[in-house]
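Here's the letter readout for the chains.
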Amino acid sequence: MLKVVKFGGSSLADAKQFKKVADIIKADKDRRYVVPSAPGTRFDGDIKVTDMLIALYELAAKGEELDEQLAKIKERYDDIIKGLKIKDFNLDDEFAAIKAELEYNPTCDFAASRGEYLNGLIMAKYLGFEFVDPKEIIFFNEEHGLNTYKTEKKVDERLKNIEYAVIPGFYGSDKLGQIMTFSRGGSDITGSIVAAALKADVYENWTDVSGFLAADPRIVDNPVGIDMITYRELRELSYMGASVLHEDAIFPVRSVGIPINIKNTNKPEDKGTWIVESTGHKPEYVITGIAGKKGFCAVSITKALMNSEIGFGRKVLQAFEENDISFEHMPSGIDTMTVVVHADEFIPKEQKVVSAIHRLTEPDAVEIETDLALIAVVGRAMRSQRGTAGRIFASLSHANVNVRMIDQGSSELNVIIGVENKDFENAIKAIYDIFVTTKL
Ligand code: ASP
């Protein structure tokens, strides 16, 4: 077996966490390639090292004094080195080099990437693994996208003869050899790329929760965990805001059929969540999870005989495209079409969009509804169950929630429900209760 293991910032925030991580790695000899994040927060109100480094870059860009901020960052690492009792090792030269580079050629990506780089050096030393700098194996193209071909080739070439290695997450290099980072949370992507390039058996992603929960714990008390979820189900859920894993981390492993196991560094005995391509594993509940988000608007366009007008839908969407607004859903009736959009993107441009709709489609009426929340009820088992939609709507009616919009995804994997913002929490509780608590 070959496992690629990624540890998040909270798993590496201090020496105590580092020790837990080392125990986890040493407990399984298949955990051969380790991808660390930068040290995260240790307590409420603490600052992530990545944020400290971005602040350092801002000082450098203004040509200000760096020593004080550098010292604060160095202290975080020195505490870890001291706590781990690593002998004959310090990061003095590294910090001098970071200072010199930022004084000479300050870039935000370089500064931000140093969090993972330094943590990787410590981890490699502590574990006795080889350190591999991702700037030599992860490559970006001009558009800031990944150069997949070159990256996979280099990762494979470089790592296949190394038995145990630490590869810092979050960055690589661009065409000119300059450091470039992924978006925030991007160490998840590095882990996924390494796992895919090496055709690992599993990509373990260690964090501070025991995987995904069936609902938001701020809304539902003690929601059950999700043992297994397919990539497609997760996409439907993460799309609505449930984020344990960076969205872009799914594609590399998914494309080669490698499962992801989300695990909790603080509770390694918990099974966590398995994210898989496809499964015959029977889920315990009809629904896999519920997620949602407030703050949508529904723009409804009515026009008699719309259904027989060729190109009507395209023209409506053009009005949104012209104004740079993406849409979430688009339920339609015979003479109406509704476009659901994020309120914060739409409201500032509302009148421009309405006039564009008039210009392009000559509608009978355009109506805007605000304060809409969307809830996605997701589950691969829904397809083969009778009455799922009936139960969802019965539960909402019992909870006195007025349903404003319904959209069943054509995949039959999800039902999207629009309710008023004020009913959002009650609606989620009601749906959770009927499917999980009472297990109907
Ligand atoms: N350290 C980076 C961040 O805070 C990347 C990561 O943790 O994945 O976003």
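In this text the structure is predicted, and so the values were computed from the model without any measurement.

K.L.:
Just checking my understanding: could you explain the site of the ligand for this structure?
P.N.:
Neighbouring the ligand are Ser37, Lys48, Thr50, Glu116, Phe170, Arg184, Gly185, Gly186 and Ser187. Gly186 is positioned with one of its backbone polar atoms (N or O) 3.3 Å from an oxygen atom of the ligand. In isolation the ligand exposes 260 Å². Once the protein is present, 93% of that is buried. Grouping the amino acids of the shell around the ligand by side-chain chemistry returns one nonpolar, five polar and three charged.

K.L.:
I tried to follow the packing of aromatic side chains on my own but got confused; where do I start?
P.N.:
We describe a pair of aromatic rings using the distance from one ring centre to the other and the angle between the two ring planes. What the rule picks out here adds up to six aromatic pairs. Aromatic side chains Phe129 and Tyr164 sit 5.1 Å apart centroid to centroid with 40° between the ring planes, which places their arrangement in the tilted category. You can see Phe129 sitting in the loop between helix 5 (108–127) and strand 3 (130–131) and its partner Tyr164 sitting in the loop between helix 6 (148–159) and strand 4 (165–166), a full 35 residues away along the chain. Given a relative accessible area of 26%, Tyr164 falls into the partly exposed group. Across from the ring centre of Tyr171, 5.3 Å away, lies the NZ or CZ of Arg114, which sits over that ring.

K.L.:
I tried to follow the sheet that holds strand 8 (residues 228–230) on my own but got confused; where do I start?
P.N.:
Where strands meet in a sheet, backbone hydrogen bonds hold them as pairs that are either parallel or antiparallel. Ordered by their spatial adjacency, eight strands build an open sheet running 3-4-2-1-7-9-10-8, and the pairing between neighbours is mixed. Sheet topology places strand 3 and strand 8 at the edges, where each strand pairs with a single neighbour. Across two bridges, the pairing between strand 2 (residues 31–36) and strand 4 is parallel. The partner of Val34 across the bridge, within strand 4, is Val166.

K.L.:
How should I be thinking about the side chain of Asp188 in this particular structure?
P.N.:
Checked against the element boundaries, Asp188 lands in helix 7 (residues 187–197). Polar contacts involving the side chain of Asp188 include one to the main-chain amide nitrogen of His246, which spans 2.9 Å. In contact with Asp188, other than residues within four places in its own chain, are Lys6, Tyr203, Asn205, Val244, Leu245, His246 and Ala249.

K.L.:
What am I meant to see in the environment of Phe131 here?
P.N.:
Tracing the chain through its elements places Phe131 in strand 3. As for Phe131 and Gly120, which are separated by eleven residues in sequence, their C-alpha atoms are 7.0 Å apart. In this structure Phe131 touches Tyr117, Gly120, Leu121, Ala124, Val166 and Pro168, once residues within four positions along its chain are discounted.

K.L.:
Before we go on, may I ask you to explain the pairing of strand 9 (residues 260–264) in this structure?
P.N.:
Consecutive side chains of a regular strand alternate in pointing toward one face of the sheet and then the other. Of all five residues in strand 9, five are buried, a share of seventy percent or more. Side-chain alternation along strand 9 places Ile260, Ile262 and Asn264 on one buried face and Asn261 and Lys263 on a second face that is also buried. As judged from the five bridges shared by strand 7 (residues 202–207) and strand 9, these two strands associate in the parallel manner. Across the sheet, the residue bridging to Glu204 is Asn261, located in strand 9. Sheet topology note: the strand 9/strand 10 (residues 273–276) ladder contains three bridges and is antiparallel. Bridge assignment links Ile260 to a residue of strand 10, and that residue is Ile275.

K.L.:
Is there a simple way to explain the pattern of salt bridges in this structure?
P.N.:
Pairs may arise between side chains of opposite charge once their charged atoms sit close together. Counted under the stated rule, the structure contains 27 salt bridges. In this structure, Arg158 and Glu130 form a salt bridge, with 3.8 Å as the shortest nitrogen-oxygen distance. Here Arg158 is found in helix 6, whereas its partner Glu130 is found in strand 3, with 28 residues between them in sequence. The exposure class of Glu130 is partly exposed, given its relative accessible area of 37%. Between Lys153 and Glu157 there is a salt bridge, and its shortest N-O distance comes to 3.9 Å. You can see Lys153 and its partner Glu157 sitting in helix 6, four residues apart, about one turn around the helix.

K.L.:
Got a minute to help me understand the nonpolar core in this structure?
P.N.:
Note that soluble globular proteins tend to have their nonpolar side chains buried in a common cluster. Membership of the largest hydrophobic core comes to 76 residues, with the highest contact counts inside it found for Leu159, Ile275, Ile375 and Ile431. A per-element tally of this core places helix 14 (residues 424–437) first, with eight residues.

K.L.:
Honestly, the sheet that holds strand 15 (residues 403–408) in this entry has me stumped. Any pointers?
P.N.:
Pairing within the open sheet is antiparallel, and its six strands lie in the order 12-13-11-14-16-15. Unpaired on one side and paired on the other, strand 12 (327–329) and strand 15 mark the two borders of the sheet. Put simply, the sheet's adjacent strands are angled 40° from each other on average, direction ignored. Where strand 14 (residues 365–378) lies against strand 16 (residues 414–420), seven bridges are found, and the strand directions are antiparallel. Residue pairing in the sheet places Val377 in a bridge with Val415 of strand 16. Contacting strand 11 (289–302) and strand 14, helix 12 (residues 350–361) crosses the sheet at an angle of about 110° to strand 14.

K.L.:
How do you make sense of the packing of helix 3 (residues 67–83) against helix 4 (residues 92–104) when you look at a structure like this?
P.N.:
The description of two packed helices rests on the angle between their axes and on the distance between the axes. As a packed pair, helix 3 and helix 4 sit with axes 11 Å apart at the nearest point and diverge in direction by 145°. In the crossing of helix 3 with helix 4, the sense of the turn from one axis to the other is right-handed. Residue-level contacts link Asp67, Leu70, Ile73, Lys74 and Tyr77 of helix 3 to Asp92, Phe95, Ile98 and Lys99 of helix 4. Its residues assigned to classes, the contact of helix 3 with helix 4 shows five nonpolar, no polar and four charged.

What counts, and at which threshold
- Every chain is numbered on its own, with residues counted from 1 as its sequence reads.
- Since the coordinates come from a predicted model, pLDDT governs what is reported: local features require at least 70, and pairs of side-chain atoms require 80 or more to be given and counted, while whole-chain, interface and lining totals use all residues.
- Only heavy atoms go into the side-chain values, all of them from the structure, while hydrogens and water stay out.
- Proximity is defined per residue: any heavy atom of the residue falling within 4 Å of a molecule or strand makes that residue near it.
- Residues adjacent in sequence count toward polar contacts only when both atoms are side-chain atoms; beyond that, a polar contact is any pair of N or O atoms within 3.5 Å, and within protein one must be able to donate a hydrogen and the other to accept it.
- Here the accessible surface of atoms and residues is derived via Shrake-Rupley with a 1.4 Å probe, and residues count as covered only by protein chains that are part of the display.
- Residue polarity follows a fixed list, in which Ala, Val, Leu, Ile, Met, Phe, Trp, Tyr, Cys and Pro are nonpolar, Asp, Glu, Lys and Arg are charged, and the others, Gly among them, are polar.
- Two rings belonging to Phe, Tyr or Trp (six-membered ring only in the last case) form a pair when the distance between their centres is within 6.5 Å. Interplanar angles under 30 degrees mark stacking, angles over 60 mark edge-to-face geometry, and anything in between is tilted.
- Elements are defined by DSSP. Helices are runs of H or I of four residues or more, strands are runs of E of two residues or more, and each kind is numbered from the N terminus.
- Residue exposure (1.4 Å probe, protein chains only): buried if accessible area is under 20% of the type maximum, exposed if over 50%, otherwise partly exposed.
- Lysine NZ or arginine CZ positioned within 6 Å of the ring centre and within 35 degrees of the ring normal marks a charge as sitting over the ring.
- Any two strands with at least two DSSP bridges between them are considered paired.
- Contacts were defined at the residue level, with two residues in contact if any of their heavy atoms lie within 4.5 Å.
- Each salt bridge in this description consists of a side-chain nitrogen of Lys or Arg and a carboxyl oxygen of Asp or Glu lying within 4 Å of one another.
- Among the buried residues, those of types Ala, Val, Leu, Ile, Met, Phe, Trp, Tyr and Cys that are joined through side-chain atoms within 4.5 Å form a nonpolar core.
- To obtain each axis, a line is fitted to C-alpha atoms, and for helices this fit is confined to the stretch in contact; angles are then taken between N-to-C directions over 0 to 180 degrees.
- Crossing chirality is assigned from the near helix's rotation relative to the far helix, an anticlockwise turn below a right angle marking it left-handed and a clockwise turn marking it right-handed.

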